[in-house]
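Now for the letters of each chain:
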Amino acid sequence: MSKTPIQPVFLVDEEKDFLEKTSTILKKNGFDNFRLIYKPEKLESVLQLLNESCIIIFHATETNLEIIKNLSKKFFYIPKIAIADGEINEKYFEYITYIIDIKEAEKKLSFVLKKSIEIYDLYKERENLKKTVFSEEGLDFSSFDKIITKNEKMLSAFKYLKAVSKSNNPILLVGEFGVNKNQFAEALNKELGLSGNFFEIHPDQLELDTRDMQKIFFGEIKEDGTLIKGIMQEAENGVLYIKEINKLDKKKQNILYNLITEKKFYPVNSAYAYFSTAKIIVGARKNITDLKREGQIIEDLYYTLRTFQVFIPPLRERLDDDLLLLTNEFIRKHCKKFNKKRPVLDEKTIDLLFSYDYPGNVNELESIIAYAISKNGNIEKFHEAIKEYISEEKKKRVVEDYSSEDNEKLVYFKTKKLPTIDEATKELIKVALVRSGFRFPVAAKFLGITKNKLQKLLVEYNIDINKIEEKDL
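First, a word on what this report is: a plain description of the structure on this page. (Residues numbered from 1 in each chain as written. Predicted model: local features only at pLDDT ≥ 70, side-chain atom pairs only at ≥ 80, totals over all residues. Heavy atoms only, no water.)

1. Some remarks on the pattern of salt bridges
What counts is decided by this rule: By convention in these notes, a salt bridge is any Lys or Arg side-chain nitrogen within 4 Å of a carboxyl oxygen on Asp or Glu. Strands are runs of DSSP state E lasting at least 2 residues, helices are runs of H or I lasting at least 4, and numbering of each runs from the N terminus. Three labels apply to residues, based on accessible area from a 1.4 Å probe with only protein chains included: buried if under 20% of the type maximum, exposed if over 50%, partly exposed otherwise in between.
Applying the stated criterion to the full structure yields 23 salt bridges. For Lys 74, the salt bridge identified is with Glu 44, shortest N-O distance 3.2 Å. Placement of the pair is Lys 74 in the loop between helix H3 (62-72) and strand E4 (80-84) and Glu 44 in helix H2 (residues 43-49), with a sequence separation of 30 residues. With a relative accessible area of 44%, Lys 74 lands in the partly exposed category.

Here it is as structure tokens:
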């Protein structure tokens, strides 16, 4: 008969009383696959001999915390639940998956253990997917380890990038704002193993006039003949990642095209060419074909960049695979940063996180978690902070949706006879109020007027907001 959970749970402490009480709680909640470790210092030996996964529950004494801290470097993937009867020094937060107050152990331990099992299962699934995608061809996955995912589209992108990384052609990374294209560029840099530096060129650097841009990129020869190095000299035998290629005007795009195709450039005031040995990676938020259709990229550069373009899916398309993985990593990271206790992800918080579509992608998810952790590590305040953020963002989007120039709505009238200007104005005000949820600042924005002007119009047209009903509009 199989035991629950599949992974054995190690209960660790020198005190027999603690082990007996904890094992009783586990049995009471249907968990029978656990082992008692009376000598915490022997835990590492046990884990090394164990040829299977496990979960560790331990009494958070100072001695045990030091043992867990040392073990975490080698067994980082094993979930570790600390049961504490006092405050835990923040230096240990990074090494603990969950912290439970001993007074709440009976109430929370079952839930936290289930969550730990889910986290470990996600980790194992991610590792198995890596092996499935890469092991058959003997591919090394380590260059992409900083990118947290188990999504098949993401893993396919890794595989494609490995295949084309050694090409002399530039690589185009296509993805929305916040998908972390820079992490892909850094992974490629690691994959190539070049001896030079990695340079990331931000959009604000591309806004300079052409001569200033050339100085920054290509360097400058001074009157005395000395060379002031630019990015291209500094990036020799390295990687140059240029973000938002469409922000370059056509003249600058021609400079980049010549650099890519001829591998040479001229420092400002130099009659002699320098040759580039840098690998060029380019980022864009849109498909290169769309950029060409919109006139944002010159034809020569279009044909050069379209050869190797990699599409990075937005977070909303991989929520089921990656949301919990990313959320748990960001909780760990920001609990450590703000010296906060790690909150447990309860069901209502998980549902709330899944209810949002993250237009800012991975960057926005991290911002939400950082904001919630900074408020307080307490689970209720953590949940409320996330709820507050998501609610505010949804309200802003309502305003943006209805005030957008691209927003197309059918305009119709109930009778064949056209209304007068006064009648149309009155109806328009009512519609704006209903659509805004009767929030005056939002309704005013819909109408393109100030809040004060809206209030004056309500008086002028004798509009009683208490008598406005949506069904009549």
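Read on, since the account is not over.
2. Topic: helix H8 (residues 210-218)
The criterion, for reference: As used here, the arc is the angular range of directions from the helix axis to the C-beta atoms.
For H8, the full list of buried residues reads Thr 210, Met 213, Phe 217 and Phe 218. Buried positions in H8, seen along its axis, are confined to an arc of 100° and lie on one side of it. One or two positions beyond H8, positive phi appears at Gly 219, with a value near 85°.

3. Some remarks on the side chain of Thr 22
Here is the rule we go by: We call two residues contacting when some pair of their heavy atoms lies within 4.5 Å.
Tracing the backbone shows Thr 22 in helix H1 (residues 16-28). Those residues within four positions of Thr 22 in sequence are excluded, and the remaining contacts are Leu 11, Ile 57, Ile 83 and Leu 109.

4. Details of the environment of Gln 309
Considering the arrangement of structural elements, one finds Gln 309 in strand E14 (residues 309-311). Sequence spacing of Gln 309 and Asn 287 is 22 residues, and the spatial spacing of their C-alpha atoms is 8.5 Å.

5. Focus: the nonpolar core
What counts is decided by this rule: Each nonpolar core is a collection of buried residues, namely Ala, Val, Leu, Ile, Met, Phe, Trp, Tyr and Cys, held together in the definition by side-chain atoms within 4.5 Å.
Counting 29 residues, the largest nonpolar core has Ile 245, Leu 256, Ile 297, Leu 301 and Leu 305 as the members making the most contacts within it. Per-element accounting of this core gives the leading share, four residues, to helix H10 (residues 250-262). The contacts of Leu 301, once residues within four sequence positions are left out, are Ile 245, Gln 253, Leu 256, Tyr 257 and Ile 260. In this structure, Phe 330, Ile 350, Ala 385 and Ile 390 belong to the second largest nonpolar core, which totals 25 residues.

6. A word on the environment of Asn 33
With respect to the helices and strands, the residue Asn 33 is situated in the loop between H1 and strand E2 (34-37). Residues Asn 33 and Ser 23, spaced 10 residues apart in sequence, show a C-alpha to C-alpha distance of 9.9 Å. Apart from residues no more than four positions distant in its own chain, Asn 33 is found in contact with Lys 3, Thr 4, Pro 5, Ile 6, Gln 7, Pro 8 and Val 9.

7. Quick look at the sheet that holds strand E6 (residues 171-174)
Under the convention used in this document: Any two strands with at least two DSSP-identified bridges between them are counted as paired. To obtain each axis, a line is fitted to C-alpha atoms, and for helices this fit is confined to the stretch in contact; angles are then taken between N-to-C directions over 0 to 180 degrees.
Read across the sheet, five strands follow the order E7-E10-E13-E6-E14 without closing on themselves; strand pairing throughout is parallel. Each end of this open sheet is capped by a strand with a single partner; those strands are strand E7 (198-201) and E14. Sheet twist, expressed as the mean angle between neighbouring strand axes with direction ignored, is 20°. Bridge count between E7 and strand E10 (residues 239-242): four bridges; the pairing is parallel. Bridge pairing in E10 links Phe 198 to Val 239. Sitting on the sheet, helix H5 (residues 152-164) is in contact with E6, strand E13 (279-284) and E14, with an inclination near 165° to E14.

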